[in-house]
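This is what each chain is made of:
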Amino acid sequence: MIEYKRLQNGSDIRGVAMEGVAGETVNLTPIEAAYIGRAFVKWLSDGNCSDANELTISIGRDSRISGPKLKEGLACGITAEGAVACDCGLASTPAMFMSTVFVETECDGAIMITASHLPYNRNGFKFFTREGGLNKSDIKYILTIAQQMAEEADGKPCEGSTVMKEMDIMTLYSAHLRQIIIDGTGIAEEPLKGMKIVVDAGNGSGGFYATDVLAPLGADISGSQFLEPDGTFPNHVPNPENKEAMASISRQVLETDADFGLIFDTDVDRSSAVDGYGREIARNGIVAMAAALVAEDYPGTTVVTDSITSTQLTEFIEGKLGLKHLRFMRGYKNVINKALDLNAAGTDSQLAIETSGHAALKENYFLDDGAYLATKIVIKAARLKMENLDISSVIEDLREPLEEVEIRIPIKGDDFGEYGDKVLEELKKKTEEIARISLEEPNYEGVRINFPEGWCLLRKSLHDPIMPMNIAADKAGGSDIIKAWMEDFLSNYDRLDMSSFE
């Protein structure tokens, strides 16, 4: 029997769902899914103080090959506990959340079957109620209950056939996004007529955005690529952070002479863009774009980002946009929860966003929704086209670092968390002893050091025995100087695998 707690990945569940990759043992099958489905019903029932037979739970999936079988397992467990399971078919993660909000559906809970951009053999679950996505503690509880149920049962989580209700959530969700564009442009009939937009879905769930959102509003989507769902991801990794993926859509925008391009990850909770000149609007760029769009309606608001954003981004957000920038931690739930905390404490924060493309806006339930951010970009692009301006004009004042480097340093042995803490604490002390460098303050994750040439952030991975190190320099050769200093310091630690520096 598997250890269910090993399936936890922060506020998500992820595992190996298919054979085919050497060294990766399958640990997420329909059986595990069934017990997890039963445990989710119990979590919902306890939280709502309601009977299980009063609950309705929607289930959607991305294009992964293992999705249909895992869906059957979840539904088996959900119905075995007495709740109603609704089959949403191929869906996006944000749409599944919206199934708890739309008056036509109003589900008590929702489950999205996805592993984001991970390889084809992986899969997992994301959970929602109308209050938002579940937190780490909720996932821990669900997996603990699932483990107990599995140990007490005879290996059969549910009996008989499973009956699911059909739910067409994507039609409702697409109509919702179309209306936002109509309202945002102020044009009721074909507000996108005359615009050529490339959508790259990476063979995930995002193809609907081209065919069901943009095309009905008059946009030319003929240059779009990889809209067909294919869980083997034959063209490129569906990931807006992936260099090959971004290069692919950049080429397509240029070759088709499009106004701009939009790219989604597998389950459409992340997005980035490419302007009409084929230039990427990703990482710091997509954060700057989202912040600029928010600034139009919410002057002075605080933008919460992850820890690896650049100094130049802070200058843009605060100096050009007049907003406040709080550089926090990696992890989209960490960023969202920090924005929620700020609002609860009386500080207005309208945007929580990671450089990965996770963007959550207060006006949209603080849901990290790649299609919603894309919709905001589309509206702005439509307005700018009337002035013969490209979407990139929104962030033309954003400077980028001259050089950027990321090195991931494995930690060997057990208790890697404690060892990583030791490295960080001693790095902090070392930095304080040297006059030419300084600690970035305030800082909420790892150790961020300011060098004359740029900056460096060393931190612990959220889940793995790895210490990621990000370096950015404003001078040619600056990243090599920073890297050499860090390598000299870190080489004193025998449990750090320094081969990545090569």
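Parameters at a glance
Residues numbered from 1 in each chain as written. Predicted model: local features only at pLDDT ≥ 70, side-chain atom pairs only at ≥ 80, totals over all residues. Heavy atoms only, no water. Phe/Tyr/Trp six-rings, centres within 6.5 Å; stacked < 30°, edge-to-face > 60°. Buried < 20%, exposed > 50% of the residue type's maximum accessible area, 1.4 Å probe, protein only. Lys NZ or Arg CZ within 6 Å of the ring centre and 35° of its normal. 1 Å grid on protein atoms, 1.4 Å probe; cavity = no way out; pocket = protein on both sides within 12 Å on 5 of 7 lines; lining within 4 Å. Points joined across faces, edges and corners; volume = space filled by probe spheres on them. Helix = DSSP H or I, 4+ residues; strand = E, 2+ residues; numbered from the N terminus. Nonpolar A, V, L, I, M, F, W, Y, C, P; charged D, E, K, R; others polar. Pairing = 2+ DSSP bridges. Contact = heavy atoms within 4.5 Å. Axes fitted to C-alpha atoms, helices over the stretch in contact; angles between N-to-C directions. Parallel < 35°, antiparallel > 145°, perpendicular 65-115°, else oblique. Patch = residues over 30% accessible without salt bridge, like charges linked within 9 Å, V, L, I, M, F, W, Y side chains within 5 Å. Areas by Shrake-Rupley, 256 points an atom, 1.4 Å probe, with all protein chains shown as cover. Salt bridge = Lys/Arg side-chain N within 4 Å of Asp/Glu carboxyl O. Lys, Arg positive; Asp, Glu negative; His and termini not counted. Charge placed at Lys NZ, Arg CZ, Asp CG, Glu CD.

What follows concerns the packing of aromatic side chains. Tallying each qualifying case throughout the model produces 13 aromatic pairs. Here Phe125 and Phe127 contribute two aromatic rings whose centre-to-centre distance is 6.4 Å and whose plane-to-plane angle is 75°, an arrangement assigned as edge-to-face. Taken as a pair, Phe125 and Phe127 share a single burial class, namely buried. One aromatic cluster is present, built from ring pairs that chain together Tyr419, Phe451, Trp485, Phe489 and Tyr493. The ring of Trp455 carries Arg448 above its face, with NZ or CZ at 3.6 Å from the centroid. Residue placement shows Arg495 over the ring face of Tyr419; its charged tip is 4.5 Å from the ring centre.

What follows concerns the layout of surface pockets. In this structure, the second largest pocket occupies an estimated 300 Å³ of space. Around the second largest pocket, the lining comprises 23 residues; the ones closest to its centre are Glu131, Gly132, Gly133, Leu134 and Lys333. If one sorts the elements of the lining of the second largest pocket by residue count, helix 10 (residues 332-344) sits on top with five residues. Of the residues belonging to the lining of the second largest pocket, the class tally is 11 nonpolar, six polar and six charged.

Before going further, it helps to examine the sheet that holds strand 17 (residues 367-368). Taken in spatial order, the five strands line up as 14-13-15-16-17 in an open sheet, and their pairing is mixed. The sheet is open, and its two edges are formed by strand 14 (324-327) and strand 17, each paired on a single side. Relative to strand 16 (residues 359-361), strand 15 (residues 351-353) runs antiparallel, the two sharing three bridges. Across the sheet, residue Leu351 finds its bridge partner in strand 16, namely Leu361. Here helix 9 (residues 311-320) sits on the sheet and contacts strand 13 (302-305) and strand 14; the angle it forms with strand 14, its principal contact strand, is near 150°.

To continue, consider the packing of helix 8 (residues 284-297) against helix 9. Orientation of helix 8 relative to helix 9, taken along the N-to-C sense of each, is 10°, at an axis distance of 10 Å. Comparing their axes, helix 9 and helix 8 come out roughly parallel. For the pair helix 8 and helix 9, contact is made by Asn284, Val287, Ala288 and Ala291 and by Leu313, Phe316 and Ile317, respectively. Residues that form the contact of helix 8 with helix 9 fall into these classes: six nonpolar, one polar and no charged.

Side chains of Glu425, Glu426, Glu432, Glu433 and Glu441 sit close together on the surface and give a patch of like negative charge. By the secondary structure assignment, Glu432 is in helix 12 (residues 416-432).

Before going further, it helps to spend a moment on the pairing of strand 22 (residues 466-473). Along strand 22, seven of the eight residues are buried, which leaves the element largely enclosed by surrounding structure. The sheet contact formed by strand 18 (residues 403-410) and strand 22 spans eight bridges and is antiparallel. Within strand 22, the position partnered with Glu403 by the bridge is Ala473. Here strand 21 (residues 454-458) pairs with strand 22 via five bridges, running antiparallel. Across the sheet, residue Cys456 finds its bridge partner in strand 22, namely Ile471.

With that settled, the discussion passes to helix 9. Along helix 9, the residues that are buried comprise Gln312, Leu313, Thr314, Phe316 and Ile317. If you follow the buried residues of helix 9, they end up packed against helix 8, strand 13 and strand 14. Directly after helix 9, the chain includes Gly322, whose backbone phi takes a positive value near 75°.

In this structure, the amide linkage connecting Glu441 to the following residue, Pro442, adopts the cis form with an omega of -5°. Mapped onto the elements of the fold, Pro442 is located in the loop between strand 19 (438-439) and strand 20 (447-451). Phi angles above zero are rare outside glycine, and Val268 is one such case at about 70°. Examined against the element boundaries, Val268 turns out to sit in the loop between strand 10 (260-264) and strand 11 (271-274). Of note in the backbone geometry, Phe366 takes a positive phi value of approximately 55° without being a glycine.

In space, the four strands of this open sheet follow the order 9-10-11-12, with mixed pairing throughout. Of all the strands in the sheet, the pair left with one neighbour each is strand 9 (197-200) and strand 12 (280-281). Bridging between strand 9 and strand 10 involves four bridges; their strand directions are parallel. Bridge pairing in strand 10 places Asp200 opposite Ile263. Sheet contacts for helix 11 (residues 370-385): strand 10 and strand 11; angle to strand 10, the most-contacted strand, approximately 175°.

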